[in-house]
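Here is what each chain is made of, one letter per residue.
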Amino acid sequence: DNSDYKEKTETLKYGTPSEISGVVDKIVDEEDVRYIDELYELFYATNSNDVRSKILDYFGKQEDPCLSDYVVEILDDPYDVTNSFVSKCMQYATQVKCKEAAPALVKILEGENEDYFNAALSALGKTGGKKEALYLAKYLSRDDLETPVRRRPDLQVREVALEPAVAAADHCRLRDIRADD
């Protein structure tokens, strides 16, 4: 109803971060599309990454790529924000199938920081195309790979991460890459 809409809009404009987070959670649960403009503006106006995370949940659930540019910027330089916010950005990139995030995800995979490895691997596998599938197949078959994936054979990240990308790739070429290594 209209009074509920007005109340939530007022909270989005003037509420504390915790009040705003609660309202955004309700909006996400209700899948209410009336707040798209307000949430988009709030995303850039707020200094709270907790509020931004909630808004990423909203647009991710809607599969709306309107925040992709911002997410790619964060993934290009993920070291000035919390690990949880970086993970949320990877989740959003996956939900909206943000192919522009692929170079940043590759950079994260090749970096020294293992905190993001599994999330980046999964995000790249789910958002990438044929080129990324071939990259992942070759990358994961390296003998020198010292990552949580190599140390924990119980993790089935390879199959999970490659699942959508492999569908787009030529299986023969993937076998050839594995055979070459």
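Look a little higher up for the structure.
Residues numbered from 1 in each chain as written. Predicted model: local features only at pLDDT ≥ 70, side-chain atom pairs only at ≥ 80, totals over all residues. Heavy atoms only, no water.

Asks: Quick question: what am I supposed to make of the overall build of the chain here?
Replies: Helix and strand counts for the chain come out as 12 helices and 0 strands. Mapped from its N terminus to its C terminus, the chain presents α and β elements in the order α-α-α-α-α-α-α-α-α-α-α-α. Across the chain, every contact between residues at least 6 apart in sequence was considered, and the portion connecting residues at least 24 apart equals 63%. Of the roughly 10000 Å² that the chain leaves accessible, carbon and sulfur atoms contribute 47%. (Helix = DSSP H or I, 4+ residues; strand = E, 2+ residues; numbered from the N terminus. Contact = heavy atoms within 4.5 Å. Areas by Shrake-Rupley, 256 points an atom, 1.4 Å probe, with all protein chains shown as cover.)

Asks: I tried to follow the side chain of S48 on my own but got confused; where do I start?
Replies: Checked against the element boundaries, S48 lands in the loop between helix 3 (36–45) and helix 4 (49–61). You can call S48 buried: its relative accessible area is 14%. Within polar-contact distance, the side chain of S48 engages the backbone nitrogen of D50 at 3.3 Å. Looking at S48, its side chain comes within polar contact range of the main-chain nitrogen of V51, at 3.1 Å. (Buried < 20%, exposed > 50% of the residue type's maximum accessible area, 1.4 Å probe, protein only. Polar contact = N/O pair within 3.5 Å; in protein donor to acceptor, adjacent residues only side chain to side chain.)

Asks: Sorry, what's going on with the nonpolar core here?
Replies: In summary, soluble globular proteins display a tendency toward joint burial of nonpolar side chains. If you look at the biggest cluster of nonpolar residues, it comprises 46 residues, and the most contacted ones within it are L12, L39, I55, L75 and M90. Elements with a minimum of two residues in this core: helix 2 (17–30), helix 3, helix 4, helix 5 (68–76), helix 6 (83–95), helix 7 (102–110), helix 8 (117–127) and helix 9 (130–140). Apart from residues lying up to four places away in sequence, L12 is in contact with I20, V23, V24, I27, Y35, E38, L39 and L42. (Core = buried A, V, L, I, M, F, W, Y, C linked by side-chain atoms within 4.5 Å.)

Asks: Sorry, what's going on with the packing of helix 5 against helix 7 here?
Replies: To describe two helices that pack against each other, one gives the angle between their axes and the distance between the axes. Their axes nearest at 9 Å, the elements helix 5 and helix 7 cross at an angle of 20 degrees. On the basis of the axis angle, helix 5 is roughly parallel to helix 7. The two elements helix 5 and helix 7 meet at a crossing, and its hand is left-handed. Contact residues: V72, L75 and D76 in helix 5; A104, L105, K107 and I108 in helix 7. Residue composition of the contact of helix 5 with helix 7, by class: 5 nonpolar, no polar and 2 charged. (Axes fitted to C-alpha atoms, helices over the stretch in contact; angles between N-to-C directions. Parallel < 35°, antiparallel > 145°, perpendicular 65-115°, else oblique. Left-handed = near helix turned anticlockwise from the far one by under 90°. Nonpolar A, V, L, I, M, F, W, Y, C, P; charged D, E, K, R; others polar.)

Asks: I'm lost on helix 4 in this one. Help?
Replies: Three- or four-residue spacings in an α-helix give side chains the same orientation, since the helix completes a turn every 3.6 residues. In this model, helix 4 (13 residues) spans 18 Å end to end at C-alpha, consistent with the 18 Å of a helix rising 1.5 Å per residue. V51, R52, S53, I55, L56, Y58, F59 and G60 are the residues of helix 4 that are buried. Where helix 4 ends, the next residue or the one after it, E63, has phi of about 55 degrees, a positive value. (Expected span 1.5 Å × (residues − 1).)

Asks: Could you clarify how one ought to interpret a negative patch on the surface in this entry?
Replies: On the surface, a cluster of negative charge is made up of D69, E73, D76, D77, D80 and E100. Given the relative accessible area of 41%, D77 is considered partly exposed. (Patch = residues over 30% accessible without salt bridge, like charges linked within 9 Å, V, L, I, M, F, W, Y side chains within 5 Å. Salt bridge = Lys/Arg side-chain N within 4 Å of Asp/Glu carboxyl O. Lys, Arg positive; Asp, Glu negative; His and termini not counted. Charge placed at Lys NZ, Arg CZ, Asp CG, Glu CD.)

Asks: Could you clarify how one ought to interpret the side chain of E132 in this entry?
Replies: Tracing the sequence through the fold places E132 in helix 9. One buried charged side chain, E132, makes no salt bridge at all; its nearest oppositely charged neighbour is K131, positioned 5.4 Å away. Once residues lying within four places of it in the same chain are set aside, the contact partners of E132 are A102 and L124.

Asks: It is not clear to me how unusual backbone geometry should be interpreted in this structure. Could you clarify?
Replies: If a residue is not glycine, its phi is most likely negative; likewise, a peptide bond is most likely trans. Phi is positive for E31, which is not a glycine, with a value near 50 degrees. Tracing the chain through its elements places E31 in the loop between helix 2 and helix 3. Owing to a relative accessible area of 49%, E31 belongs among the partly exposed residues under this scheme. The backbone of K97 sits at a positive phi, close to 55 degrees, despite the residue not being glycine. Here K97 shows up in the loop between helix 6 and helix 7. Judged by its relative accessible area of 52%, K97 falls in the exposed class.

Asks: Where do I start with the packing of aromatic side chains in this structure?
Replies: For any pair of aromatic rings, geometry is given as the distance between the ring centres together with the angle between the planes. Counted by the stated rule, this structure contains 8 aromatic pairs. Geometrically, the ring pair formed by Y40 and Y44 is edge-to-face, given 5.3 Å between the ring centres and 65 degrees between the ring planes. Of the two residues, Y40 and Y44 are both situated in helix 3; the distance of 4 residues between them amounts to about one turn of the helix. Y44 gets classed as partly exposed once you look at its relative accessible area, which sits at 41%. Pairing F43 with Y44 gives two aromatic rings, centres 5.3 Å apart and planes at 80 degrees, and the pair type is edge-to-face. Through pairs of rings, three or more aromatic residues link up here, namely Y40, F43, Y44, Y70 and F85. The ring of F43 carries the charged tip of R52 above its face, separated from the ring centre by 5.7 Å. (Phe/Tyr/Trp six-rings, centres within 6.5 Å; stacked < 30°, edge-to-face > 60°. Lys NZ or Arg CZ within 6 Å of the ring centre and 35° of its normal.)

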